[in-house]
Amino acid sequence: MRHERRGFTLIELLVVIAIIAVLIALLLPAVQAAREAARRAQCVNNLKQMGLAAMNFESTNTTLPPAWGPYPYNSGGGSRANFLAVIMPFIEQGSLYNSWNLTVEVNGGGSLEMNETARLTQVNAYLCPSDPSTGYVNDPGGSGLPCAKTNYFANQGYTGAQYFNSNLTLQETNGAMIGPYIVQYDLSQPQTINGSPNPLYQRLVACTLANIIDGTSNTAMFAETVRSRYGNAGSSASWPALATAQTGDGYIDPTQNGGTMTAPLQVPPAICQTLSSRLLAYRGLEYYRFIPECTNYCHSEPPNVRMPDCGDSSIVVGFTYARSWHSGGVNACFADGSVKFIKNSVSPMTWAALGTRAGGEVVSSDSY
């Protein structure tokens with residue numbers, strides 16, 4: 001008996017296609033979740049490396065790394081490198097660290113080529129792979145190449161002030177509010193000795209483990225932030241609407257230079273929510289910068305708070321917050337070297353307590 005071969009009918013083909021489409025729709029979220037889990041694990045590993053570097057630095061120098069490098073006395077001042085440059089020898093980046101000349105302005109002053117290699121070379125451990133930003137800043141030294149970036153800032157405490165007891169108008173005066181990476185000058189050092197520059201002038205008083213009386217496991221050192229999304233970013237870019245400014249745009253208000261921003265600085269002023277100010281568009285796009293919007297974050301608001309970051313035009317106050325592209329919270333490295341995921345829903349009081357090194361708060365392990 002002869003049997004005729006028949007193909008699929010159109011209905012059968014459509015059913016098969018529909019089933020495949022459903023399976024793909026079910027699979028894609030799982031694939032995306034797996035990828036994000038891998039990216040988050042890499043971010044945790046980055047912070048672990050930084051925490052280990054800080055511990056090794058402490059073992060060698062008896063203090064945690066300072067928030068800034070030395071005063072650039074050979075160029076008469078100017079931009080200093082921040083803690084990310086300081087810890088390079090302890091994250092297997094000794095060669096890159098040796099390319100820094102920290103005795104001169106690090107941001108392109110003096111000889112334009114000076115420190116160019118250090119500014120441009122990207123350390124992958126300083127980037128969170130979940131951050132989709134394509135923002136960049138061209139090298140201020142004139143090479144035309146983009147500067148290296150970072151997603152990790154240091155904890156200045158439960159305060160918007162970057163300085164403590166350093167003879168500035170806008171500074172934190174309450175030692176119970178400061179974190180491990182507050183900026184405190186050693187004011188005992190003269191600028192010159194016998195007519196020559198003093199290498200120790202304006203050196204920082206770095207935090208010791210003994211200063212962290214709240215306990216190293218209850219005090220944050222580093223946390224994530226998000227990078228600016230602007231190309232060839234500068235501080236004169238037009239400021240976006242509030243609805244699009246909540247992924248971490250930062251602003252400098254020119255009216256707040258010694259104005260209504262005064263110590264204590266635990267609560268950001270109302271100006272921080274108006275966005276009537278100048279956009280600081282290079283957040284995280286120059287990893288080595290020492291200004292508060294590029295180096296430190298504060299615990300005055302919980303992670304991923306729905307408001308923009310802000311600061312004053314004298315560049316000594318910065319309400320810069322911990323932020324990330326991970327769902328539900330941020331990764332933070334503590335002073336014992338551990339890394340923990342802090343949820344957005346953490347109590348503001350608990351988050352504030354985790355930001356201070358000597359606040360005397362009692363924080364239970366199940367509160368975050």
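Conventions used here
- Residues numbered from 1 in each chain as written.
- Predicted model: local features only at pLDDT ≥ 70, side-chain atom pairs only at ≥ 80, totals over all residues.
- Heavy atoms only, no water.
- Patch = residues over 30% accessible without salt bridge, like charges linked within 9 Å, V, L, I, M, F, W, Y side chains within 5 Å.
- Areas by Shrake-Rupley, 256 points an atom, 1.4 Å probe, with all protein chains shown as cover.
- Salt bridge = Lys/Arg side-chain N within 4 Å of Asp/Glu carboxyl O.
- Helix = DSSP H or I, 4+ residues; strand = E, 2+ residues; numbered from the N terminus.
- Buried < 20%, exposed > 50% of the residue type's maximum accessible area, 1.4 Å probe, protein only.
- Pairing = 2+ DSSP bridges.
- Contact = heavy atoms within 4.5 Å.
- Polar contact = N/O pair within 3.5 Å; in protein donor to acceptor, adjacent residues only side chain to side chain.

### A short note on a nonpolar patch on the surface
Judged by side-chain polarity, Ile11, Val15, Ile19, Val22, Leu23 and Leu26 come together as a nonpolar surface patch covering roughly 610 Å² of accessible area. As for its position among the elements, leucine 26 is in helix H1 (residues 10-61). For leucine 26, a relative accessible area of 61% translates into the label exposed.

### Describing the pairing of strand S10 (residues 329-334)
For S10, a buried count of six out of six residues is recorded, marking the element as mostly surrounded by other parts of the structure. Two elements, strand S4 (residues 220-224) and S10, share three bridges in a ladder whose sense is antiparallel. Along S10, the bridge assignment pairs alanine 220 with phenylalanine 334. The pairing of S10 with strand S11 (residues 339-343) spans five bridges and is classified as antiparallel. Looking at the pairing, asparagine 331 lines up with phenylalanine 341 of S11.

### Here's the deal with the pattern of salt bridges
Counted according to the given criterion, the structure contains seven salt bridges. Residues aspartate 131 and arginine 227 are paired through a salt bridge, measuring 3.9 Å at the closest nitrogen-oxygen approach. Here the residue aspartate 131 occupies a position in the loop between helix H4 (116-120) and strand S1 (152-157), and arginine 227 occupies one in the loop between S4 and strand S5 (250-253), the gap between them amounting to 96 residues. For aspartate 131, a relative accessible area of 9% gives the class buried. By sharing partners, the salt bridges in this structure join Arg283, Asp309 and Arg323 into a single network.

### Observations concerning helix H6 (residues 348-355)
In terms of burial, H6 is a largely internal element, six of the eight residues being buried. Along H6, the residues classified as buried are Thr350, Trp351, Ala352, Ala353, Leu354 and Gly355. Summarising the contacts, the buried residues of H6 are in contact with S1, S4, strand S7 (296-298), S10 and S11.

### Some remarks on the environment of arginine 119
By the element assignment, arginine 119 lies in helix H4. Judged by its relative accessible area of 0%, arginine 119 falls in the buried class. Along the sequence, arginine 119 and glycine 108 sit eleven residues apart, while their C-alpha atoms lie 9.1 Å from each other. Polar contacts involving the side chain of arginine 119 include one to the main-chain carbonyl oxygen of valine 106, which spans 3.1 Å.

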